[in-house]
Amino acid sequence: MKRIGVYWFTHDLRVNDNQLLHKAAQEVDELICVYCVPKVGAYLQRFSQQSQLSSARQHFLHQSVHDLALSLKRYDQTLLVIERSPITVLKHLIEAHHVTHLYCDQFAGYDEQQVCQHLAQDYPSVSVSQLPNNTLFDESQLPCQLHHLPSTFSQFRREVESLEIMLPCSRPVQLPPPEPVPLSSVHLSLSNTEHTLFKGGEQAAIAHCQHYFSTQAASCYKETRNALDEPLSSTKFSPWLALGCVSPKTIIAMLRHYEQQHGQNESTYWIQFELLWREYFYWYARCYQTKLFQFAGISKHRPLTSFYASRFRQWQQGHTPYPIVNACMKQLNATGYMSNRGRQLVASCLIHELQLDWRYGAAYFETQLIDYDVASNWGNWQYLAGVGADQRGSRQFNLDKQTEMYDPQQSFINRWQGNTTTTSIDHVDMADWPIMPKEKS
Ligand SMILES: Cc1cc2nc3c(=O)[nH]c(=O)nc-3n(C[C@H](O)[C@H](O)[C@H](O)COP(=O)(O)OP(=O)(O)OC[C@H]3O[C@@H](n4cnc5c(N)ncnc54)[C@H](O)[C@@H]3O)c2cc1C
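No experiment lies behind these values; they were computed from the predicted model shown.

Undergrad: Would you mind going over the overall build of the protein with me for this structure?
TA: Looking only at helices and strands, the protein features 18 helices and 5 strands. Over its C-alpha trace the protein gives a radius of gyration of 23 Å, about what one expects of a compact globule, namely 22 Å for 441 residues. The dimensions of the protein, computed from C-alpha atoms along their principal axes, are 95 × 65 × 45 Å. A burial count over the protein gives 55% of its 441 residues as buried. Counting only contacts in the protein whose residues sit at least 6 apart along the sequence, the fraction spanning at least 24 positions is 81%.

Undergrad: Looking at this model, I keep getting lost on the site of the ligand. Mind explaining?
TA: Surveying the vicinity of the ligand reveals 27 residues, the closest of which are Tyr-221, Ser-234, Thr-235, Lys-236 and Asn-340. Measuring from an oxygen atom of the ligand, one finds a side-chain N or O atom of Arg-343 at 3.5 Å. A total of 810 Å² of accessible area belongs to the ligand in isolation, and the protein chains cover 97% of it. Given that more than half its atoms are within 2 Å of the pocket grid, the ligand belongs to the second largest pocket. Elements with a contribution of two residues or more to the shell around the ligand: helix H9 (238-243), helix H11 (266-288), helix H14 (340-353) and helix H16 (374-385). Here the residues of the shell around the ligand sort into 12 nonpolar, 9 polar and 6 charged. Two domains each provide a minimum of three residues to the shell around the ligand, namely domain 2 (134-165 + 202-288) and domain 3 (309-415).

Undergrad: Got a minute to help me understand the sheet that holds strand E5 (residues 127-131) in this structure?
TA: Backbone hydrogen bonds hold the strands of a sheet together, and the pairing may be parallel or antiparallel. Reading across the sheet, the 5 strands line up as E3-E2-E1-E4-E5 and stay open at both edges, with parallel pairing between neighbours. Single-partner strands in this sheet number two, and they are strand E3 (79-82) and E5. Mean inter-strand twist for the sheet, computed between neighbouring axes without regard to direction, equals 25°. Across 4 bridges, strand E2 (residues 30-36) lies against E3 in parallel orientation.

Undergrad: Sorry if this is basic, but what is going on with the pattern of salt bridges here?
TA: Side chains carrying opposite charge are able to pair once their charged atoms draw close together. Inspection of the entire model under this criterion finds 14 salt bridges. Among the ionic pairs, Lys-222 bridges to Glu-266, the shortest N-O distance being 3.0 Å. Taken together, the residues Lys-222 in helix H8 (residues 221-224) and Glu-266 in helix H11 connect sequence positions 44 residues apart. Judged by relative accessible area, which is 28%, Lys-222 ranks as partly exposed. Where Arg-395 meets Asp-390, a salt bridge forms, and the shortest distance between an N and an O atom there is 3.7 Å.

Undergrad: So what exactly am I meant to see when it comes to the packing of helix H7 (residues 202-214) against helix H10 (residues 248-262) here?
TA: For any two helices packed against each other, the geometry is given by the interaxial angle and the distance between the axes. Closest axis-to-axis distance for the H7/H10 pair is 10 Å, and the angle between their directions is 25°. Judged by the angle between their axes, H7 and H10 are roughly parallel. Every pair of crossing elements has a handedness; the one defined by H7 and H10 is right-handed. In this structure, H7 contributes Ile-206, Cys-209, Gln-210 and Phe-213 to the contact, and H10 contributes Thr-250, Ile-251, Met-254, Leu-255 and Tyr-258. In the contact of H7 with H10, the residues fall into 7 nonpolar, 2 polar and no charged.

Undergrad: Looking at this structure, I do not really get the packing of helix H13 (residues 323-335) against H14. What am I missing?
TA: Between H13 and H14, whose axes approach to 9 Å, the crossing angle comes to 120°. Viewed along their axes, H13 and H14 adopt a mutual orientation that is oblique. Crossing of H13 against H14: the hand is left-handed. Within the contact between the two elements, H13 uses Ile-324, Val-325, Cys-328 and Met-329 and H14 uses Gly-342, Leu-345, Val-346 and Cys-349.

Undergrad: Is there a simple way to think about the pairing of E5 in this case?
TA: Two faces make up the sheet, and in a regular strand the side chains alternate between them. Of the strand pairs in this sheet, strand E4 (residues 101-105) and E5 are connected by 5 bridges, and their pairing is parallel. Counted as the bridge partner of Tyr-103 is Ser-129 from E5.

Undergrad: Explain the environment of Thr-320 to me, please; I cannot follow it from the model alone.
TA: As for its placement among the helices and strands, Thr-320 is situated in the loop between helix H12 (309-317) and H13. What makes Thr-320 buried here is its relative accessible area of 1%. Counting along the chain gives 318 residues from Thr-320 to Lys-2, while the straight-line C-alpha distance between them is 61 Å. Setting aside chain neighbours within four positions, we find Thr-320 in contact with Gln-314, Trp-315, Val-325, Asn-326, Leu-354, Thr-420 and Thr-422. In this structure the side chain of Thr-320 is engaged in a polar contact, spanning 3.0 Å, whose partner is the backbone nitrogen of Tyr-322. In this structure the side chain of Thr-320 is engaged in a polar contact, spanning 2.7 Å, whose partner is the side chain of Asn-326.

Undergrad: Can you walk me through the layout of surface pockets in this structure?
TA: The calculated volume of the largest pocket comes to roughly 1200 Å³. If you trace the largest pocket, you find 49 residues lining it, with His-11, Pro-38, Asp-111, Glu-112 and Glu-366 closest to the centre. Counting residues per element, the ones that place at least two in the lining of the largest pocket are E2, helix H2 (42-48), helix H3 (55-73), helix H4 (86-97), helix H5 (110-122), H9, H11 and H16. Looking at the lining of the largest pocket, its residues break down into 29 nonpolar, 9 polar and 11 charged. Taken as a whole, the second largest pocket holds about 1000 Å³ of empty space. Taken together, 37 residues line the second largest pocket, and the ones lying closest to its centre are Ser-238, Glu-274, Trp-277, Asn-340 and Asn-380. Split into classes, the residues belonging to the lining of the second largest pocket amount to 18 nonpolar, 10 polar and 9 charged. In terms of domain composition, the lining of the second largest pocket takes at least three residues from each of domain 2 (134-165 + 202-288) and domain 3 (309-415).

About the cut-offs
- Residues numbered from 1 in each chain as written.
- Predicted model: local features only at pLDDT ≥ 70, side-chain atom pairs only at ≥ 80, totals over all residues.
- Heavy atoms only, no water.
- Helix = DSSP H or I, 4+ residues; strand = E, 2+ residues; numbered from the N terminus.
- Rg over C-alpha atoms; globule rule 2.2 N^0.38 Å.
- Buried < 20%, exposed > 50% of the residue type's maximum accessible area, 1.4 Å probe, protein only.
- Contact = heavy atoms within 4.5 Å.
- Near = heavy atom within 4 Å.
- Polar contact = N/O pair within 3.5 Å; in protein donor to acceptor, adjacent residues only side chain to side chain.
- Areas by Shrake-Rupley, 256 points an atom, 1.4 Å probe, with all protein chains shown as cover.
- 1 Å grid on protein atoms, 1.4 Å probe; cavity = no way out; pocket = protein on both sides within 12 Å on 5 of 7 lines; lining within 4 Å.
- Sits in = over half its atoms within 2 Å of the grid points.
- Nonpolar A, V, L, I, M, F, W, Y, C, P; charged D, E, K, R; others polar.
- Domains from an automatic or database assignment.
- Pairing = 2+ DSSP bridges.
- Axes fitted to C-alpha atoms, helices over the stretch in contact; angles between N-to-C directions.
- Salt bridge = Lys/Arg side-chain N within 4 Å of Asp/Glu carboxyl O.
- Parallel < 35°, antiparallel > 145°, perpendicular 65-115°, else oblique.
- Left-handed = near helix turned anticlockwise from the far one by under 90°.
- Points joined across faces, edges and corners; volume = space filled by probe spheres on them.

Function cannot be read off these values alone, since they describe shape.
Laid out in structure tokens, this is it:
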């Protein structure tokens, strides 16, 4: 019997260091490669108040998918790009093409994981292979069972820091030929709008990483990483990591090479330290599943915040009384990227100053960020809202102090027009009050 495989690409849009693709290449006679374009579902729409992904996010995604399609073409393969839900597409492929093998990432996201579980249940004869394709470690390397994941990042880091990080594997030599599929692939628009310095795809990812390590930026990363708007102040690896255009193992291999040439210091160590935060949130998402999206997070208490539509709109549009927050939000809306410091400040503002339900902020980020990653995004929001990892008191940032520290000349605020006329978080207009004329006696 012919072995027919489906490779469901999601957040692993690359051919290099892709163990799962190697596995598929060895196991099946014919291979269908498929990608399902993400949509804004009902939950996301409700919380983000957006009906579609930002053009910056779509643009980066389309470029990355397009680049993968080109790479697969070099193997005489075809990437089917479909604008329908993964479950519908995969069921159709399995039934219509007598698929025997399915390959996909070991997802951090609950919804994608559910798709796999349903397929495994409905089609028990299909062999489903899943691997964490975007992590530094395998599950078997972790020093604890997943459900015993340390409740703080520090503890996790201490436990994994000395583990061996495997070298990245090379690209497959060849891939099985495609099985002809009558489904027509959608043509993703690659508009000419150049939103940012980020270009999607594996080629651009490798070029960016090589460029980063060809400079001396890594040797002073720890001192510069909090800057709000400088191209190489931080690595800017996140958009490509989020879509799997480059693997974290590849980045670590490049970092080691850099250290051999230029020496190891606190800054080069800190790049790995931050990648361990990413790693932690991946396993955290796997461990807590739906709790990642719940108001109370993994804690027993719901925060004392609510939802105010107008405050949320002010925050989204960068019209709050806080210039630094406005500048960061305008940067996000224009480019799809915001620095880590910026994210901490706008999240603190939403949670503490505006007293909004943190999930609205997380959902808005999901629709806008070109580096959106389910685990890092929702995990960081929970952490800052005090309902996630390491629940120690409040993580409120003093916005004036932070402005003095990170934008003393207000050049970032001016560049992104953070100064607005808004002075209060709630609009109180006399005309809105229903004062009734006094009744005549
Ligand atoms: C509220 C909030 C939401 C966030 N949402 C996302 C998201 O959707 N996707 C995402 O990739 N990161 C997210 N982050 C983490 C962090 O802000 C970005 O990874 C970082 O700003 C990306 O820029 P960089 O690549 O230059 O990071 P660098 O400072 O150069 O760090 C190197 C890499 O380490 C990882 N990293 C750094 N900081 C963190 C962190 N706090 N948590 C997890 N990984 C980290 C990233 O992969 C990053 O590319 C979020 C942080 C906050 C506070």
